[in-house]
Each structure stands twice: as C-alpha cells, then as structure tokens.
Protein chains: 2
Amino acid sequence: MRISTRGEYGVRAMFHLTLHYGKGPIPVRTIAEQQGIPEYYLEQLIGALRRAGLVTSIRGAQGGYTLAHPPEDITVGDVIRVLEGPITPMECLDKAGAETECGVLGPCAMRKMWQRLKDSMERVLDTTTLASLVQESLFCEEEPV
Amino acid sequence: MRISTRGEYGVRAMFHLTLHYGKGPIPVRTIAEQQGIPEYYLEQLIGALRRAGLVTSIRGAQGGYTLAHPPEDITVGDVIRVLEGPITPMECLDKAGAETECGVLGPCAMRKMWQRLKDSMERVLDTTTLASLVQESLFCEEEPV
DNA sequence: GGTAATTCCCATGGATTTAGTCGGAATTAG
DNA sequence: CTAATTCCGACTAAATCCATGGGAATTACC
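Residues numbered from 1 in each chain as written. Chains lettered and ligands numbered in written order. Predicted model: local features only at pLDDT ≥ 70, side-chain atom pairs only at ≥ 80, totals over all residues. Heavy atoms only, no water.

Residues M14 and W114 of chain A together with M14 and W114 of chain B are the most contacted members of the largest nonpolar core, which totals 84 residues. For M14 of chain B, the contacting residues outside a window of four places in its chain are L49, L54, V55, L67, I74, V79 and L130 of chain B. (Core = buried A, V, L, I, M, F, W, Y, C linked by side-chain atoms within 4.5 Å. Buried < 20%, exposed > 50% of the residue type's maximum accessible area, 1.4 Å probe, protein only. Contact = heavy atoms within 4.5 Å.)

Take the side chain of T18 of chain A next. Residues and elements named next belong to chain A. Mapped onto the elements, T18 comes out in helix α1 (residues 5-19). Taking the relative accessible area as the measure of exposure, T18 reaches 9% and is therefore buried. Separated by 2.8 Å, the side chain of T18 and the backbone oxygen of M14 make a polar contact. (Helix = DSSP H or I, 4+ residues; strand = E, 2+ residues; numbered from the N terminus. Polar contact = N/O pair within 3.5 Å; in protein donor to acceptor, adjacent residues only side chain to side chain.)

Let us look at the protein's contact with DNA strand C. Every one of the 27 residues lining DNA strand C counts as a neighbour, but V28, R50, S57 and Y65 of chain A together with T5 of chain B are closest to it. Near the protein, meaning within 4 Å, the atoms of DNA strand C are sugar or phosphate in a fraction of 69%, with bases accounting for the rest. Within the backbone of A61 of chain B, an N or O atom sits 3.2 Å from a base oxygen of DNA strand C. Elements supplying a minimum of two residues to the surface near DNA strand C: α3 (39-51), β1 (55-58) and β2 (64-67) of chain A together with α1 (5-19) and α3 (39-51) of chain B. (Near = heavy atom within 4 Å.)

A regular strand places its side chains on the two faces of the sheet in alternate fashion. Residues and elements named next belong to chain B. As paired strands, strand β1 (residues 55-58) and strand β2 (residues 64-67) are joined by 4 bridges and run antiparallel to one another. Looking at β2, one finds that I58 is bridged to G64. Taken together, β1 and the strand that follows it, β2, pair antiparallel across an intervening segment of 5 residues, in which G60 is found at a positive phi of about 85°. (Pairing = 2+ DSSP bridges.)

Listed below in structure tokens is the structure:
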C-alpha cells in the first residue's frame, strides 16, 4: 500500500512547476536539483506526464517544462494515475465485467470493502489540486522549495 | 497503490476461518482448495498470521487453524499490516523523527496530504472487522464460500 | 551559421519484492 | 504405528522499482 518514488517524485516535480507557474519553462535539471530527485530518472517520469497532457514541453535552449493547465485544474490524483496506474487496491475493481472475472474473490462483502477503500483514497487525491497544495504550504513554517 | 496477493489471500483466508469460527480447526489445504489459493503459498502466509497472534494453530492429525480472537476483535487492517507491512502511502509518515529524515520531501503541505490519505485508508480498514464482513455478506446474493 | 542548451527516445542493468514450489522434520489423533 | 498436519527454510521465476547512459532532434542566442 505504498506510493513508489515515481508518484512521490512526480508530485514534487508538479509542485515545483506550480510554484513557478507563469514564469516560463523550467528545465528538468533545475527541478531535479532543487527537489533532490535523480535527474535522468525524473526525465523519464516527466516524459510520461507530458504524454498524458499534464505538462507542456518546450525544446531547445531556454526550454523546459510548464504545467499544461492552471494549477486549480490538476489534481494529485491525475499525477498519481499517470505514474502509478489506476488508484485501486484491488485490480478487479477497475475492470468491466469483473464480477465474473474475480470468481473466487467472490463474497461481495469483500469486494464492497475494497471499493470503500478505493473511494476513500480517490476522495483525498482527487480533491487535492496543485493549487490547494501550494496554498496550504503558505501556512507552514517551512520554505517551499 | 495495490494490495498484493499476500493481503488479498490473507483476508480471504481469515474470512473463511470466520465462517467456521467455533467449529474446530481448519487445515490449510481446505482453506486453499475452497478459496482457490495456492496451498504452499497460503501456508507461508498463515504462518505469518500465526506469529502475529491472529490465528492459533493445532498441530498433528485433525489439526489446523482457528482465529485467535472473536471475529469482532480482528480487523482487516490487522491482517493487512501483518502481510503487507504498515498501511502508509509514504514510508516517512511512519517513522519517528521523520520531519528531519524526509528532508527534501520538505513542504509540509505534501506531507499533510499523504497523512490525510493514510488516515482515510486506515479509517476504512480499521473499522471493518471480520465479523462485519461476514455480516455484510449475508445480504448478498452470492453464497459465502 | 555555429554552438550550447535542452527535450526526447530508447536500451540496459542491478536490486528488491512478489509469487509460488518443494522437501523434510516435528507433532498429534486415532 | 500410521496418516494427517503444522512448521521451517531453501529455492526459483517473474515482475517491478530505481535508476543510468547515449544519441538524435530542436531551439535560442551570439
């Protein structure tokens, strides 16, 4: 039940882009250095975020990445889904016709519990936007990086 | 963000033991057959549940396993923690002095969000007991196995 | 036009975790 | 004694995680 470094690094990178939203593209290297993320690894992750349409890339010198949408319109759930796959504790919950596929998982009470778990996870991740994350960080002692 | 087969099989096995609670020990093979779980693998998992004190074993012929406590006193969270480790989306949330260790994870807003996620997951898993699971399954069309 | 910066794409590799098997010793009911 | 069963540890195969690195394409700037 863990978020891997893919999700963690991805959210941190998006957080970073939010802090500098509207000030032009930020190169991967800068994000990596300031957030303490391995550069080549982050490049790989941000490529996925680009293909998913969450960030926009600008190639060449002075290039880099920017958020593809305003921070209010991107949720942490969006980021996690791209980098970690569907947010679901049990694979079968996400498939059509899973009732038959799961077969032995059978007893619907268990299925309902997994569904409740899934719902509660999504409720948190889908209601937290990048904007609200930055907003919240303003009330912290720490300096946002 | 998935529960692995360890947790899934473990919950199914405990569910099975709950259905037969008070009727003497159930051998691993029986659970495995009726729940469609690889026998040797389940043996390994149930050994962990025994060492954690969630089930009691009775060796020898006519032996097997029983719940170590009434089904009302065992939660799904208990089972998951034994087989999957701590229920936490981010490792650092579970350590003492993590504020300093996490270092670059820095901005507390992210930490708070992970904490909210963790809390919401635990709320579901720790309020679902084996007894409530079986109770709920009585209102389903399916036959409990 | 040349050069440096930067994205983009792909291939590789080690470490860890997951999933599942197996063989055999110890224990116990009948 | 025998059959059933737990108990224990070793083993393998596959997947996933966490990177690292090379080279091509694109672009700003002088």
